[in-house]
Number of protein chains: 2
Amino acid sequence: MTSTIPVEITEHFDRGELVAAIAQDHLSGDVLMVAWMNREALEQTLATGRVTYWSRSRNELWEKGLTSGHTQKLVSASYDCDGDAILLKVDQIGAACHTGERSCFHRNLDL
Amino acid sequence: MTSTIPVEITEHFDRGELVAAIAQDHLSGDVLMVAWMNREALEQTLATGRVTYWSRSRNELWEKGLTSGHTQKLVSASYDCDGDAILLKVDQIGAACHTGERSCFHRNLDL
């Protein structure tokens, strides 16, 4: 494993915390979903280029699209000022949402 | 308070959980920051149109830009399929990040 994870992020992993991961369509700019990463998920994502989250409900690594075919290929990634959120620009194959919608954010709030 | 918050979101508040809130520039599509909301923060945001988060470090409502002037005017909002994340399209005045950068996601990860 040769990828270098900045200390601002690893500090959270060292404390047993997950970081938020936001997947954004690299072409349209649409925000597709939000999920979570632990150290292994981020390392696997950076090493393979296939976005992998940590499933909080199943307590296991979750390579996006491994069963559905709706994979996310990593195009670029950045992290926020306090190191607890990662923004992934992805090439999304098919739907990001398990409902079949392209984005998990497909319902509006009334203002 | 007349805004209607969908039950998928209020379920989380009823359990004492916060929801993630992603602020996205409504013109450029840039993701600006990720923060947290409790019920009051979301209600206040919807009622006033000025984005208000819950500060986990200070344990208080945090109307973005109240002291810095770097306010976020809400343009539209959506929520994700499991109701634990909200996407806010905002009109960002000045910098979203406390560092002075436009976006908190201003540092790249090595792939």
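So, a few notes on the structure that sits alongside this text. (Residues numbered from 1 in each chain as written. Chains lettered and ligands numbered in written order. Predicted model: local features only at pLDDT ≥ 70, side-chain atom pairs only at ≥ 80, totals over all residues. Heavy atoms only, no water.)

1. Focus on the interface of chain B and chain A
Threshold: Note on contacts: a residue pair qualifies if any of its non-hydrogen atoms lie within 4.5 Å across the two residues. A quick way to say it: buried area is the sum, across both parts, of accessible area lost when two parts are put together, with a 1.4 Å probe. Within this document, salt bridges are pairs made up of a side-chain nitrogen of Lys or Arg and a carboxyl oxygen of Asp or Glu, the two lying within 4 Å of each other.
In this complex, chain B contributes 35 residues to the contact, which on the side of chain A involves 35 residues. Of the roughly 3,100 Å² buried where chain B meets chain A, counting both sides, 65% is carbon and sulfur surface. Taken as a group, Phe 105, Arg 107 and Leu 109 of chain B account for 25% of the area that chain B buries against chain A, more than any other trio of residues on that side. Counting across the interface, chain B meets chain A through four salt bridges.

2. A short note on the packing of aromatic side chains
What counts, and what does not: Pairing of aromatic rings covers Phe, Tyr and the six-membered ring of Trp, with a centre-to-centre limit of 6.5 Å; geometry is then stacked below 30 degrees between planes, edge-to-face above 60, and tilted otherwise. Helix numbering and strand numbering both begin at the N terminus, where a helix is a DSSP run of H or I of at least 4 residues and a strand a DSSP run of E of at least 2. To sort residues, take the accessible area from a 1.4 Å probe on protein chains only and compare it with the maximum for the residue type: under 20% means buried, over 50% means exposed, and anything in between is partly exposed.
Applying the stated rule across the entire model yields three aromatic pairs over all chains. Between Trp 36 of chain A and Trp 36 of chain B, the aromatic rings sit 6.1 Å apart at their centres with planes inclined by 15 degrees, giving stacked as the arrangement. Taken as a pair, Trp 36 of chain A in strand E2 (residues 31–37) and Trp 36 of chain B in strand E2 (residues 31–37) lie in two separate chains rather than in one. The pair Trp 36 of chain A / Trp 36 of chain B is uniform in exposure class, with both members buried. Ring centres 5.2 Å apart and planes at 45 degrees place the aromatic pair Tyr 53 of chain B and Trp 62 of chain B in the tilted group. With relative accessibility at 0%, the residue Tyr 53 of chain B sits in the buried group. Here Trp 62 of chain B falls in the partly exposed class, since its relative accessible area comes to 26%.

Taken by themselves, the reported measurements are silent on function.
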